[in-house]
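Coordinate analysis (summary)
Okay, here's what each chain looks like letter by letter:
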Amino acid sequence: MAKNDLIGGALWEAYSKKVAARMDNPKNRGELTEADAKKLGGKLVIADHGAESCGDAVRLYWVVDAKTNVIKAARFKSFGCGTAIASSDMMSDLCVGKTVDEAAKITNIDVEKALRDTPETPAVPPQKMHCSVMAYDVIKKAVAQYKGVDLSALETETIVCECGRVSLGTIVDAIRLNDLKTVEDITHYTKAGGFCKSCIAPGGHEKRQHYLVDILRDTRAAMEKEKLHAGMETQEFSSMTLVRKLKAVEKILNEDLRPMLAADGGDVELVDLKESAGVVEIHVQYRGACMGCPSAGTNTLSAIETVLGQKLGVKIKVVAV
Amino acid sequence: MDRIYLDNNATTIVDPLVKQAMEPYWCERYGNPNSLHTFGTEVHPDLRIAMNRLYRGLNAQEGDDILITSCATESNNTVLKGIYFDLIKKGKKNHIVTTTVEHPCVANSCKFLESQGVKVTYLPVNADARVEADAVRHAITDKTALVSVMWANNETGVIFPIKEIAEVCKAKGVLFHTDAVQAIGKVRVDLQDVPADFLSLSGHKFHGPKGVGALFVRKGLKLPPLLHGGEQMSGKRAGTLNVAGIVGMGLAMELASDNLGYENKEVRRLRDKLEDGLLKIKDVLVISRRELRVPNTVFISVRGVEGEALLWDLNKSGIAASTGSACASESLEANPVIKAIGLGSELSHTGIRLSLSRFTTEEEIDFAIKTFTEAAGRLRSISSTY
């Protein structure tokens with residue numbers, strides 16, 4: 001891709017002929033009125049999505065046959081760039097003849113595919129996939145309005161990448177199954193983040209609820225934790241050598257306890273480990289703000305005891321020395 | 001009507017006289033001026049004429065340097081990074097003052113310097129889209145190494161009070177750099193009148209060739225070179241001299257100076273005619289007052305019409321313009337200059353910039369008004385927000 005990316009300015013060259021033609025002459029542009037609905041013997045639905053300040057706004061008009069739920073006519077109006085207008089025009093075409101439930105299944109990817117000149121060449125450059133998302137969103141709104149239901153009732157899964165319609169579940173699965181380590185890997189495996197790039201990290205074109213950087217970090221952290229537990233579970237604490245026992249305790253101190261103490265400027269040091277009558281006695285020394293803290297001998301001590309006990313699966317007694 | 005070019009703040013047509021002047025240096029007088037033989041030395045008189053033209057155009061003095069660079073981006077980088085290596089890294093200063101509306105080559109250089117620990121103050125613009133000299137005065141501290149403010153803004157055409165700002169910096173003993181790319185050929189740039197220390201310019205913005213620019217460095221000041229290499233430009237900017245480019249830019253500078261009167265009378269008249277024509281469209285907004293702008297630029301926002309869509313329609317009719325709309329950028333990021341002006345976020349999606357030159361004709365302007373009005377009408381008939 002490097003060679004083709006170096007000159008730049010190829011935005012319009014990447015539009016399909018169909019996109020250009022619909023931009024120049026969107027045949028479904030305009031409004032449908034109550035009079036139109038009456039003439040066609042259906043119910044008028046008007047749905048709005050977006051705002052001028054966001055850069056995209058679209059209004060969708062439907063006349064729906066109340067008996068069969070079939071969309072008899074569709075029109076649109078749009079504030080947006082060429083691809084937004086072309087997508088809205090194609091989206092209107094795709095709606096007509098479908099039932100409302102069928103229309104609810106039209107995605108921005110269906111719209112983009114219908115705008116392609118040849119099946120294998122995308123109709124718009126990756127960052128412009130974003131513009132077709134509006135078409136998808138406004139259909140959902142029209143469906144919700146026609147059915148008189150809340151929009152959220154129609155949402156079945158959490159979508160992270162709107163442009164590529166990639167769900168949170170798909171992304172987490174891809175990270176886990178393929179042991180993905182970078183956002184580029186995620187884009188490579190799932191296409192998420194490969195379009196308008198808003199979902200990669202905060203600060204992009206659009207504010208998002210989930211970002212790939214966070215999903216990657218959280219999923220990796222969860223995977224590491226599971227790995228650790230898996231490693232520990234393979235061997236009972238009581239059958240470990242002393243060195244491994246100390247290491248296991250250190251690990252829990254590092255991962256689960258020290259961050260908590262550090263938040264208050266404190267720390268704890270492992271001094272010794274003794275076992276008698278099935279009780280593991282762990283000797284610690286407080287450091288930093290923990291020294292002389294009134295709760296260090298009570299609440300903090302019992303918190304350390306509880307966490308160690310749960311993680312190691314043995315009875316623990318913590319002694320501050 | 002043939003194609004109409006109203007994007008002269010992006011680049012300009014090479015003046016046919018300039019093209020003609022550059023002709024001999026490709027296949028006849030192609031010597032390297034640093035060679036000792038006659039192929040090299042025979043171009044020296046032509047280069048001296050070109051340098052004289054550049055010095056005259058800026059009213060620079062013998063002791064000043066006008067370094068030839070590859071573009072204004074290089075000139076601006078040379079100043080900002082030179083100041084970093086010379087003043088900031090040596091620990092004396094750690095602060096740069098600039099504006100929120102600089103060209104990316106200044107803005108992104110500053111961002112890079114921030115990553116190296118430099119503190120940067122980005123001054124906002126006022127309701128006229130102008131940076132105020134007082135704001136510069138207040139931003140300067142005893143740690144300030146450099147103030148960098150453009151002479152005129154590329155998107156809005158607004159001219160900044162450069163003389164005043166340069167004098168503020170001089171009084172405070174702080175170095176002052178100005179990116180004058182959009183000023184050359186549009187306003188008088190006189191470095192005896194304006195005490196700037198560094199000034200950047202680019203040949204292709206005033207009917208010279210692409211790939212050649214210049215950096216003025218006031219007498220007595222030194223910058224470490226950005227490009228190290230041979231002894232060209234006294235070692236201050238290495239690289240084989242772009243002979244054809246220097247000759248072309250030199251003549252372009254002379255022609256720009258000669259045409260300054262025409263620019264401020266005729267080009268301004270045509271721009272005003274265009275602006276008046278477009279203001280007849282309902283619900284449009286022009287950024288800043290025309291007396292505050294360079295004579296060739298108008299930035300207009302048409303309510304309910306997205307910028308890229310309007311650009312598309314204009315292009316369809318053969319008119320080249322520019323938009324700061326987020327939708328038209330590769331990154332989908334709204335143009336930071338338009339964002340900084342802060343006249344409402346709608347503007348970051350609806351603005352169109354039209355920029356004329358001395359080659360723009362009356363017929364072209366008449367056609368542009370008619371075409372623009374029709375395009376705005378068509379897109380408003382589709383618009384869901386108008």
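Here the structure is shown first, and the text comes after it.
Notes on the structure in this doc start here. (Residues numbered from 1 in each chain as written. Chains lettered and ligands numbered in written order. Predicted model: local features only at pLDDT ≥ 70, side-chain atom pairs only at ≥ 80, totals over all residues. Heavy atoms only, no water.)

Attention now moves to the sheet that holds strand 2 (residues 56-64) of chain A. Residue and element names in this part refer to chain A. If you walk across this open sheet you meet the 3 strands as 1-2-3, and the pairing is antiparallel. This sheet does not close on itself; its edge strands, each paired only once, are strand 1 (43-51) and strand 3 (71-79). Strand-to-strand twist across the sheet, computed as the mean angle between neighbouring axes with direction ignored, equals 15°. Sheet topology note: the strand 2/strand 3 ladder contains 8 bridges and is antiparallel. (Pairing = 2+ DSSP bridges. Helix = DSSP H or I, 4+ residues; strand = E, 2+ residues; numbered from the N terminus. Axes fitted to C-alpha atoms, helices over the stretch in contact; angles between N-to-C directions.)

Residues and elements named next belong to chain A. Running from amino to carboxyl end, helix 11 (residues 242-262) crosses helix 12 (residues 299-312) at an angle of 135°, the nearest separation of the two axes being 10 Å. Classified by the angle between their axes, helix 11 and helix 12 sit oblique to one another. As helix 11 packs across helix 12, the resulting crossing turns out to be right-handed. Between helix 11 and helix 12, the contacting residues are Ala248, Val249, Ile252, Asp256, Leu257 and Leu261 on the first element and Thr300, Ile304, Val307, Leu308, Lys311 and Leu312 on the second. For the contact of helix 11 with helix 12, the class distribution of residues is 9 nonpolar, 1 polar and 2 charged. (Parallel < 35°, antiparallel > 145°, perpendicular 65-115°, else oblique. Left-handed = near helix turned anticlockwise from the far one by under 90°. Contact = heavy atoms within 4.5 Å. Nonpolar A, V, L, I, M, F, W, Y, C, P; charged D, E, K, R; others polar.)

Further remarks concern the environment of B:Val106. Residue and element names in this part refer to chain B. Mapped onto the secondary structure, Val106 falls in helix 6 (residues 104-115). The sequence separation of Val106 and Asp190 amounts to 84 residues, and the corresponding C-alpha distance is 22 Å. Leave out the neighbours within four places in its chain, and Val106 touches Asn76, Leu80, Thr98, Ser148 and Asp179.

Summed over the entire model, instances satisfying the criterion amount to 4 aromatic pairs over all chains. Their ring planes at 65° and their centres at 5.2 Å tell us that B:Tyr84 and B:Phe85 sit as a pair that is edge-to-face. Judged by its relative accessible area of 7%, B:Tyr84 falls in the buried class. A relative accessible area of 47% places B:Phe85 in the partly exposed class. Among the aromatic residues, those joined into a ring-pair cluster are A:Trp12, A:Tyr15 and B:Trp312. The side chain of A:Arg165 reaches across the aromatic face of A:Tyr136, ending 3.7 Å from its centre. Positioned over the ring face of A:Phe237 is A:Lys245, at 5.8 Å from the centre of the ring. (Phe/Tyr/Trp six-rings, centres within 6.5 Å; stacked < 30°, edge-to-face > 60°. Buried < 20%, exposed > 50% of the residue type's maximum accessible area, 1.4 Å probe, protein only. Lys NZ or Arg CZ within 6 Å of the ring centre and 35° of its normal.)

Another aspect to go through is the packing of helix 10 (residues 260-279) of chain B against helix 14 (residues 362-382) of chain B. All names here are of chain B. At a minimum axis separation of 9 Å, helix 10 and helix 14 run at an interaxial angle of 20°. Classified by the interaxial angle, the pair formed by helix 10 and helix 14 is roughly parallel. Pair helix 10 / helix 14 crosses with right-handed handedness. Contact with helix 10, carried on its side by Arg269, Leu270, Lys273, Leu274, Gly277 and Leu278, involves Glu362, Ile365, Asp366, Ala368, Ile369 and Phe372 of helix 14 and no other residues of that element.

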